[in-house]
Amino acid sequence: MTRLLLIGPPGAGKGTQATILAETFGIPAISTGDIFRANVANQTELGLKVKAIMDAGEFVPDDLTNAIVADRLREADAAGGFLLDGYPRTLDQVNELDRVLAEDGTALDAVVQIVADTEEVVSRLLKRAREQGRTDDTEDVIRHRMHLYAEQTAPLIDVYQKRDLVLSVDGLGEVSVVTERIRESLASRGITA
Ligand code: AMP
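Residues numbered from 1 in each chain as written. Predicted model: local features only at pLDDT ≥ 70, side-chain atom pairs only at ≥ 80, totals over all residues. Heavy atoms only, no water.

Caption draft 1: Quick peek at the pattern of salt bridges. Per the stated rule, a full pass over the model turns up 16 salt bridges. With a closest N to O distance of 3.1 Å, Arg143 and Glu139 form a salt bridge. One end of the pair is Arg143 and the other is Glu139, both in helix H7 (residues 139–162) and four residues apart, which spans about a single turn. Assessed through its relative accessible area of 34%, Arg143 is described here as partly exposed. (Salt bridge = Lys/Arg side-chain N within 4 Å of Asp/Glu carboxyl O. Helix = DSSP H or I, 4+ residues; strand = E, 2+ residues; numbered from the N terminus. Buried < 20%, exposed > 50% of the residue type's maximum accessible area, 1.4 Å probe, protein only.)

As structure tokens, then:
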């Protein structure tokens, strides 16, 4: 049973690492960004609500985001562990996640912080914009997402540091190299696949 969070600025490679790690550990990668994007693509009621918010690089309101994650964590495949990518992003979301886990009598095992330089991630995101055409990957929106990360999400690292859960990993380099760093730092805590 492994319960992990991946935290880091947009463009740090969280999604890529989340997919690889989830496979290695045999747990679902739960990405709120992916859930929202799928809803936008399918034009669901939720998708229609969040599209403009996402295109502007703003955060989807906490109550909506929290409800989606609480439901997702109650699905059968998450009972044996999970890897959350892109959630929590605010203090309110941390509190809600704490509440949901406490209700289940569980807790997080580790918070993996992927450290990446701002200019490096901005250029990565601009590259992704050219390759994938994500509508929230324009330079202005990217800068705004970086700003929101620094202002609202980075402080969560302190919260988890106080609980001695944070493993900081350098996000610069080849995907496989970064994966190996993450695996090693998890292993140093006795967290292995
Ligand atoms: P991501 O793929 O994680 O970069 O998320 C893409 C977009 O989805 C974000 O810019 C937000 O608009 C929205 N989003 C994803 N996760 C959250 C969250 N935990 N809280 C609020 N908004 C979110």
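Caption draft 2: Representation of the packing of helix H2 (residues 32–41) against helix H4 (residues 62–73). At a minimum axis separation of 11 Å, H2 and H4 run at an interaxial angle of 105 degrees. Regarding the angle of H2 to H4, the classification is roughly perpendicular. Residues Thr32, Ile35 and Phe36 of H2 lie in contact with H4, whose contacting residues are Thr65, Ile68, Val69 and Arg72. Along the lines of polarity and charge, the residues of the contact of H2 with H4 split into four nonpolar, two polar and one charged. (Axes fitted to C-alpha atoms, helices over the stretch in contact; angles between N-to-C directions. Parallel < 35°, antiparallel > 145°, perpendicular 65-115°, else oblique. Contact = heavy atoms within 4.5 Å. Nonpolar A, V, L, I, M, F, W, Y, C, P; charged D, E, K, R; others polar.)

Caption draft 3: The arrangement of the site of the ligand in detail. Near the ligand, the surroundings consist of 16 residues, among which Thr32, Arg37, Glu58, Gly86 and Gln93 are the closest. Contacts to the ligand include Gly86, whose backbone N or O atom sits 2.9 Å from a nitrogen atom. Arg89 is positioned with one of its side-chain polar atoms (N or O) 3.0 Å from a nitrogen atom of the ligand. When atom positions are compared with the pocket grids, the ligand is found to occupy the largest pocket. Here the residues of the shell around the ligand are counted per class, giving five nonpolar, five polar and six charged. (Near = heavy atom within 4 Å. Polar contact = N/O pair within 3.5 Å; in protein donor to acceptor, adjacent residues only side chain to side chain. 1 Å grid on protein atoms, 1.4 Å probe; cavity = no way out; pocket = protein on both sides within 12 Å on 5 of 7 lines; lining within 4 Å. Sits in = over half its atoms within 2 Å of the grid points.)

These figures capture arrangement, not role.
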